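Observations on the three-dimensional arrangement
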Amino acid sequence: MVRANGAVSLRELARVVQTSEVTVRRDVRALEAEGLLDRRHGGAVLPGGFTRESGFPQKSHLATAEKTAIADCAAGLVEEGEAIVVGAGTTTQELARRLARVPGLTVVTNSLLVAQALAHANRVEVVMTGGTLRGSNYALVGSGAEQSLQGLRVSKAFLSGAGLTAERGLSTSNMLSASVDRALVQAAAEVVVLADHSKLGTDTMFQTVPTDVITRLVTDEAPAHDDRAAAELQALADQGVEIAVAGASGGATNAQGGSGGPGAPGVPGASGASGASGASGGEGGPGRRQRRDVPLPGPRRQVPDAAAGLRSAGPLGEQPGGTERARVADMRRR
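Rules used in this analysis
- Residues numbered from 1 in each chain as written.
- Predicted model: local features only at pLDDT ≥ 70, side-chain atom pairs only at ≥ 80, totals over all residues.
- Heavy atoms only, no water.
- Helix = DSSP H or I, 4+ residues; strand = E, 2+ residues; numbered from the N terminus.
- Buried < 20%, exposed > 50% of the residue type's maximum accessible area, 1.4 Å probe, protein only.
- Contact = heavy atoms within 4.5 Å.
- Areas by Shrake-Rupley, 256 points an atom, 1.4 Å probe, with all protein chains shown as cover.
- Pairing = 2+ DSSP bridges.
- Axes fitted to C-alpha atoms, helices over the stretch in contact; angles between N-to-C directions.
- pLDDT = per-residue confidence, 0-100.
- Parallel < 35°, antiparallel > 145°, perpendicular 65-115°, else oblique.
- Left-handed = near helix turned anticlockwise from the far one by under 90°.
- Nonpolar A, V, L, I, M, F, W, Y, C, P; charged D, E, K, R; others polar.
- Expected span 1.5 Å × (residues − 1).
- Core = buried A, V, L, I, M, F, W, Y, C linked by side-chain atoms within 4.5 Å.
- Salt bridge = Lys/Arg side-chain N within 4 Å of Asp/Glu carboxyl O.

1. Side note on the overall build of the protein
Counting its regular elements, the protein contains twelve helices and 17 strands. A burial count over the protein gives 41% of its 334 residues as buried. Taking contacts inside the protein between residues at least 6 apart in sequence as the whole, the part at least 24 apart equals 58%. By element, 50% of the accessible surface of the protein is carried by carbon and sulfur atoms, the whole surface being about 18,200 Å².

2. Some thoughts on the sheet that holds strand 2 (residues 38-40)
Taken in spatial order, the three strands line up as 1-3-2 in an open sheet, and their pairing is antiparallel. Two strands close off the open sheet at either side, each with one partner strand: strand 1 (7-9) and strand 2. Direction aside, the axes of adjacent strands within the sheet are offset by 25 degrees on average. Sheet analysis places strand 2 next to strand 3 (residues 43-45), joined by three bridges and oriented antiparallel. Paired with R39 across the bridge in strand 3 is A44. Helix 2 (residues 10-17) contacts strand 1 and strand 3 of the sheet and is inclined by roughly 75 degrees relative to strand 1.

3. Concerning the confidence of the model for the protein
Atom-level detail of predicted coordinates should not be read off regions where pLDDT is low. Taken over all residues, the pLDDT of the protein has a mean of 77, while the share at 70 or more is 69%. Across residues 56-61, where pLDDT falls below 50, the model places 15 contacts with residues more than four positions away in sequence or in other chains. Contacts of residues 258-320 to residues separated by more than four positions or lying in other chains number 65 contacts, the stretch itself having pLDDT below 50.

4. Quick look at the sheet that holds strand 10 (residues 163-165)
Reading across the sheet, the three strands line up as 10-11-13 and stay open at both edges, with antiparallel pairing between neighbours. Strands with a single pairing partner mark the edges of an open sheet, and in this sheet they are strand 10 and strand 13 (206-209). Here the strands of the sheet are splayed against their neighbours by 40 degrees on average, with no regard to which way each runs. Here helix 9 (residues 175-186) sits on the sheet and contacts strand 11 (169-172) and strand 13; the angle it forms with strand 13, its principal contact strand, is near 20 degrees.

5. Thoughts on unusual backbone geometry
Positive phi is not limited to glycine here, since Q18 has a value of about 55 degrees. Secondary-structure assignment places Q18 in the loop between helix 2 and helix 3 (21-33). You can call Q18 exposed: its relative accessible area is 71%. Residue Y138 is not a glycine yet carries a positive backbone phi of 55 degrees.

6. Details of the packing of helix 5 (residues 64-75) against helix 6 (residues 90-99)
Put simply, helix 5 and helix 6 touch, their axes get as near as 8 Å, and they point 50 degrees apart. Between helix 5 and helix 6, the angle falls in the class oblique. Relative to helix 6, helix 5 is oriented so that their crossing is right-handed. Contact residues: helix 5 offers K67, T68, I70, A71, D72, A74 and A75, while helix 6 offers T90, T91, E94, L95, R98 and L99. Partitioning the contact of helix 5 with helix 6 into residue classes produces six nonpolar, three polar and four charged.

7. Side note on the side chain of T109
Relative to the helices and strands, T109 resides in strand 5 (residues 105-109). Taking the relative accessible area as the measure of exposure, T109 reaches 0% and is therefore buried. When sequence neighbours within four positions are dropped, the list of residues in contact with T109 reads V86, V114, A115, V126, V127, M128 and T129.

8. A closer look at helix 5
The end-to-end C-alpha separation of helix 5 is 16 Å, in line with the 16 Å expected for twelve residues at 1.5 Å each. Within the sequence span of helix 5, burial applies to E66, K67, A69, I70, A71, C73, A74 and A75.

9. Quick look at the nonpolar core
Core analysis: the biggest nonpolar cluster contains 27 residues, and L164, V193, L200, V209, L217, L236 and I243 have the highest contact counts within it. Ignoring any residue separated from it by four or fewer positions in sequence, one finds L217 in contact with L164, V193, A195, L200, L233, L236, V241, E242, I243 and A244. Of all hydrophobic cores here, the second largest spans 25 residues; its members include I70, A74, L105 and V192.

10. Quick look at the pattern of salt bridges
In a structure, side chains of opposite charge can pair up when their charged atoms sit close to one another. Within this structure, the stated rule accounts for eight salt bridges. Measuring nitrogen to oxygen at the nearest pair gives 2.9 Å for the salt bridge that ties R216 to E242. With R216 in strand 14 (residues 216-220) and E242 in strand 15 (residues 242-246), the pair connects residues that are 26 residues apart, well separated along the chain. In this structure R216 comes out as buried when scored by relative accessible area, which is 16%. Overlapping salt bridges bring together D72, E94, R97 and R98 as one network.

Spelled out as structure tokens, the structure:
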């Protein structure tokens, strides 16, 4: 089945051979030891990193929970009224389903699946590239797709791929898909890669996005025993890639390249990105509001009271103009 389809899920294997997924997982582990296939989270693929691309039916059943968490996290990076590009892939399809709720959004894509997910979103404008349809992943590729992206400028590009390493960046197994993804990247100010932990450390044939062009990686938390994924995350963070690790609940822990300080789970040495905080105080420590020393008011200035002055004055006749004042007072009494 792996040779025929390029990839297969444990669930499908268990259904075909009519046994439990636990038994299938054990047998897949034995087949991997013999070099007949490579295990992936929730399934298996052809052996070796430089394999042909799996079709959509196979990829859609792999790491579904991880893709959901990644999509939830990535959707939080999109703001109202933005213009973005979204590449082809099952993870980006999950992202598109969540973008349907962002008002005023413009999405440029070469993916029929992404466009379909946004087709009924009244407040989202969808712009599709031209090109030739690849049936394996429902994406438009070729010179027509690339030419339609020339002169385009958007804020962010969201891309997925078959593998991600700190050495080569994002890569894919198909030359036409890689070429269109590079055109999508050139149109964006920021590049966000969506990749679950099973793709970390995997290198495929055609480079899509070099590491120094990737702004942020959104991934899921790798298992504790997956040292390869943890090492790759650390290497990516060291090269300046911001890491967002999506949890099972859809939350994320941000990490930034550099050493020291707490970081994302599985990224030792990465410094955690700080969230919004209050004004920093002096001796009160960070996060407390700073005490402002307001000057105390001085003695009040006494404003002369005209009536009091008149009351404290002597007889009107003894003051300058006393006769006139007496006349005015007499008129008031009248």
